[in-house]
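Listed below are the residues making up each chain.
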Amino acid sequence: MNQPWLGTSAAGLLDLRSTPFDSVYPGVEVHATAIDNILNQNFLQSPSWIVGVDIVDILLSLSITFVLLLLPGALMSFFFLTLFLVLMFLLHYYVMMDKGFLLNTFFPLVGISILFVIGESINYFFEMKQKDRIKRKFATKVSAAVVEELIEHADEHLFSVKEKEITILFSDIRDFTSISEQLGSAKMLIQLLNEYMTPMVDIITKYKGTVDKFIGDAIMAYWNAPIDVKNHADKALQSAIEQIFALENLNKKLTQEKKPNIRIGIGINTGVSVVGEMGSTGRSDYTCIGDAVNLASRAEGLCKPYGSSIILSEFTKNALQEKEYLFRELDTVRVKGKKKPITIYECMGYKNKYWVNFNEENNKIYIQALQHYKNAHFKEALQLFEKLNSLNEEKLYKLYIERCEHYIKHKPENFDGVFTFITK
């Protein structure tokens, strides 16, 4: 049976005390509350084993904070850390009010704060290091937009070796040895190469290509790696076309400076290659290797015998999405190192802007001549190729004229229309 408590609380008696709940509290109420807690066993406790609970609480809180630091993005980590702190405060409040045990909240809070600040600082440091690494690796190879996209979507598997469909471009300066002899100075030759390669690389990066390497006077580039490039075959071909047009302007400047003009051949192929970071443990580079890369190199080498500026494989032509290009089929060949024949095509620019004297009438004659050649009708093919060459002399027509004359004299057996190259 509860007994009434008697006491005085008049302000004039000056029996006033300060408590956590009120700065002016009757002293008798303090005694009454203490007696009530003792009688009802309702009071806060801090037994000896609570120290062990506090230690476990601190370690558990730090472990959870460490896991939260591993989440991608500082904002996500901060959000879940805030949620965790709210839950921790609610748990401590419940244990104190309902169970009467006073847990230490200060040390877990300090530990969490210190760990979070240190962890985020470390994350920021490594993120900056990773961004710097990406920038250093690709800043001179790809456009600034591609570098930013690489940084935005960077992960640990970005540079890992994998198979991927890419479009590869090789370009090479024609008669480079002759140009070297004309200049007569290594310093002037390097200056000329830099003057040529600077706009070519700018065009490649403009079309989201990656410059892989410079091989003397040659440039190797590829598209769709390390990041995906939509319509990468079109981007590569558009880049090649613009390089040819840019070369015309460069040659005008070189002529004014009384320097030798530059002619190039470009080979393009599309196919699945192995791409990724390759090399030794101490020195590596992001590159691509495989049969598709070799075929692109062979396509570039074919520019010389066919007298073409741009040659692309049937795989690249089939991968093109745009229809604005001006093409003609060159040949079906077996390149050195491959047994399976492929059809190669010459790109002469865009339908409304091209660099070859090639009209619709010539195209009809050329298609007929090529069909006669493939069907082993060499006399009919010879007449048409000679007609084309009389209208406009081209190395391509002369090549077929020589072949037809040879096959008329030495009729081949089981002719399949495929020409086999035994050199690169």
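Caption draft 1: Highlighting the overall build of the protein. Check the secondary structure of the protein and you find 14 helices and 12 strands. Going through the 424 residues of the protein one by one, you find that 41% of them count as buried. Of all intrachain contacts in the protein linking residues separated by at least 6 positions in sequence, the fraction that spans at least 24 positions is 65%. Within the structure as shown, the protein displays about 24,900 Å² of accessible surface, and the carbon and sulfur contribution to it stands at 58%.

Caption draft 2: Expanded view of the packing of aromatic side chains. Per the stated rule, a full pass over the model turns up 19 aromatic pairs. Seen in terms of ring centroids, Tyr373 and Tyr400 are 4.9 Å apart; in terms of plane orientation they differ by 80 degrees. Their pairing is edge-to-face. Residue Tyr373 is located in helix α12 (residues 360-374), and its partner Tyr400 is located in helix α14 (residues 395-409); the two are separated by 27 residues in the primary sequence. Residue Tyr373 shares its accessibility class with Tyr400, and that shared class is buried. Ring geometry for Tyr373 against Tyr407: centres 6.4 Å apart, planes inclined by 40 degrees, an arrangement best described as tilted. Of this pair, Tyr373 sits in helix α12 while Tyr407 sits in helix α14, placing them 34 residues apart in sequence. Both residues of the pair, Tyr373 and Tyr407, belong to the buried class. One aromatic cluster is present, built from ring pairs that chain together Phe358, Tyr366, Tyr373, Phe378, Phe385, Tyr397, Tyr400, Tyr407 and Phe415. The positively charged end of Lys353 is found above the aromatic ring belonging to Phe245, 4.4 Å away from the centroid. Over the ring of Tyr400 we find Arg403; its NZ or CZ atom is 5.2 Å from the centre of that ring.

Caption draft 3: Inspection of the environment of Cys404 at higher detail. Relative to the assigned elements, Cys404 resides in helix α14. On a C-alpha basis, the gap between Cys404 and Lys379 in space is 7.1 Å, while along the polypeptide they are 25 residues apart. Those residues in contact with Cys404 that sit more than four places away from it in its chain are Tyr373, Phe378, Ala381, Leu382 and Phe385.

Caption draft 4: Spotlight on the confidence of the model for the protein. Predicted confidence across the protein gives a mean pLDDT of 86, with 89% of residues reaching 70 or more. Model confidence for the protein, summarised as mean pLDDT per element, is weakest for helix α5 (residues 144-152) at 60 and strongest for strand β8 (residues 310-313) at 98.

Caption draft 5: View of the nonpolar core. The biggest cluster of nonpolar side chains holds 41 residues, and the ones touching the most others in it are Tyr196, Leu237, Ile268, Ile310 and Leu312. Examining the composition of this core, we find that 10 residues originate from one element, helix α8 (residues 232-256), more than from any other. Not counting residues up to four positions away in its chain, the partners in contact with Leu237 are Ile268, Ile310, Leu312, Leu320, Tyr325, Phe327 and Cys347. Core analysis: the next-biggest nonpolar cluster, separate from the first, contains 35 residues, Leu302, Tyr400, Tyr407 and Phe421 among them.

Caption draft 6: Spotlight on the packing of helix α13 (residues 378-391) against α14. Axis separation between α13 and α14 bottoms out at 9 Å; the angle between their running directions is 155 degrees. By the angle between their axes, α13 is roughly antiparallel relative to α14. In this structure, the crossing between α13 and α14 has a hand that is left-handed. Residues Phe378, Lys379, Ala381, Leu382, Phe385, Glu386, Leu388 and Asn389 of α13 pack against Tyr397, Lys398, Tyr400, Ile401, Cys404, Glu405, Tyr407 and Ile408 of α14. Of the residues in the contact of α13 with α14, the class split is 11 nonpolar, 1 polar and 4 charged.

Caption draft 7: Just α14, in detail. Across its 15 residues, α14 extends 21 Å between first and last C-alpha, which sits within 8% of the 21 Å expected from 1.5 Å per residue. What α14 keeps buried is the set Leu396, Tyr397, Leu399, Tyr400, Ile401, Arg403, Cys404 and Tyr407.

Caption draft 8: Structural view of the pattern of salt bridges. Taken as a whole and judged by the stated rule, the model has 16 salt bridges. A salt bridge links Asp172 to Arg174; its shortest N-O distance comes to 3.5 Å. Residue class for Asp172 comes out buried when judged on its relative accessible area of 18%. Take Arg174: its relative accessible area is 11%, and that puts it in the buried class.

Caption draft 9: Focus on the packing of helix α2 (residues 50-69) against helix α3 (residues 74-99). α3 packs onto α2 with a crossing angle of 160 degrees between their chain directions and a minimal axis gap of 9 Å. In terms of their interaxial angle, α2 and α3 are classed as roughly antiparallel. Handedness of the α2/α3 crossing: right-handed. Here α2 contributes Asp57, Ser61, Ile64, Thr65, Leu68 and Leu69 to the contact with α3, which in turn contributes Ser77, Phe80, Leu81, Phe84, Met88 and His92. Considered class by class, the residues forming the contact of α2 with α3 number 7 nonpolar, 4 polar and 1 charged.

Caption draft 10: Up close: the side chain of Glu346. Residue placement: Glu346 occurs in strand β10 (residues 342-350). Judged by relative accessible area, which is 2%, Glu346 ranks as buried. Reaching out from Glu346, the side chain makes a polar contact with the side chain of Ser308 at a distance of 3.4 Å. A distance of 2.7 Å separates the side chain of Glu346 from the side chain of Arg328, its partner in a polar contact. Sequence-distant contacts of Glu346, defined by excluding residues within four places in its chain, comprise Ser308, Ser309, Ile310, Leu326, Phe327, Arg328, Leu330 and Val356.

Caption draft 11: Broad picture of a nonpolar patch on the surface. Taken together, the side chains of Phe106, Phe107, Val110, Ile114, Ile118, Ile122, Phe125 and Phe126 present a nonpolar region at the surface, about 810 Å² in accessible area. For Phe126, the position within the fold is in helix α4 (residues 106-138).

Caption draft 12: Quick look at the side chain of Ser77. Relative to the helices and strands, Ser77 is located in helix α3. In contact with Ser77, not counting residues within four places along its chain, are Leu68, Leu69, Leu71, Phe116 and Glu120.

Caption draft 13: Region of interest: the pairing of strand β3 (residues 162-173). The element β3 is largely enclosed, with a buried count of 9 among its 12 residues. For β3 and strand β6 (residues 264-279), the ladder comprises 12 bridges, and the chain directions are antiparallel. Paired with Lys162 across the two strands is Val275, which belongs to β6. In this structure, β3 lies alongside strand β5 (residues 218-223), joined through 5 bridges in antiparallel fashion. Counterpart to Thr167 in the pairing with β5 is Trp223.

Scoring rules and cut-offs
- Residues numbered from 1 in each chain as written.
- Predicted model: local features only at pLDDT ≥ 70, side-chain atom pairs only at ≥ 80, totals over all residues.
- Heavy atoms only, no water.
- Helix = DSSP H or I, 4+ residues; strand = E, 2+ residues; numbered from the N terminus.
- Buried < 20%, exposed > 50% of the residue type's maximum accessible area, 1.4 Å probe, protein only.
- Contact = heavy atoms within 4.5 Å.
- Areas by Shrake-Rupley, 256 points an atom, 1.4 Å probe, with all protein chains shown as cover.
- Phe/Tyr/Trp six-rings, centres within 6.5 Å; stacked < 30°, edge-to-face > 60°.
- Lys NZ or Arg CZ within 6 Å of the ring centre and 35° of its normal.
- pLDDT = per-residue confidence, 0-100.
- Core = buried A, V, L, I, M, F, W, Y, C linked by side-chain atoms within 4.5 Å.
- Axes fitted to C-alpha atoms, helices over the stretch in contact; angles between N-to-C directions.
- Parallel < 35°, antiparallel > 145°, perpendicular 65-115°, else oblique.
- Left-handed = near helix turned anticlockwise from the far one by under 90°.
- Nonpolar A, V, L, I, M, F, W, Y, C, P; charged D, E, K, R; others polar.
- Expected span 1.5 Å × (residues − 1).
- Salt bridge = Lys/Arg side-chain N within 4 Å of Asp/Glu carboxyl O.
- Polar contact = N/O pair within 3.5 Å; in protein donor to acceptor, adjacent residues only side chain to side chain.
- Patch = residues over 30% accessible without salt bridge, like charges linked within 9 Å, V, L, I, M, F, W, Y side chains within 5 Å.
- Pairing = 2+ DSSP bridges.

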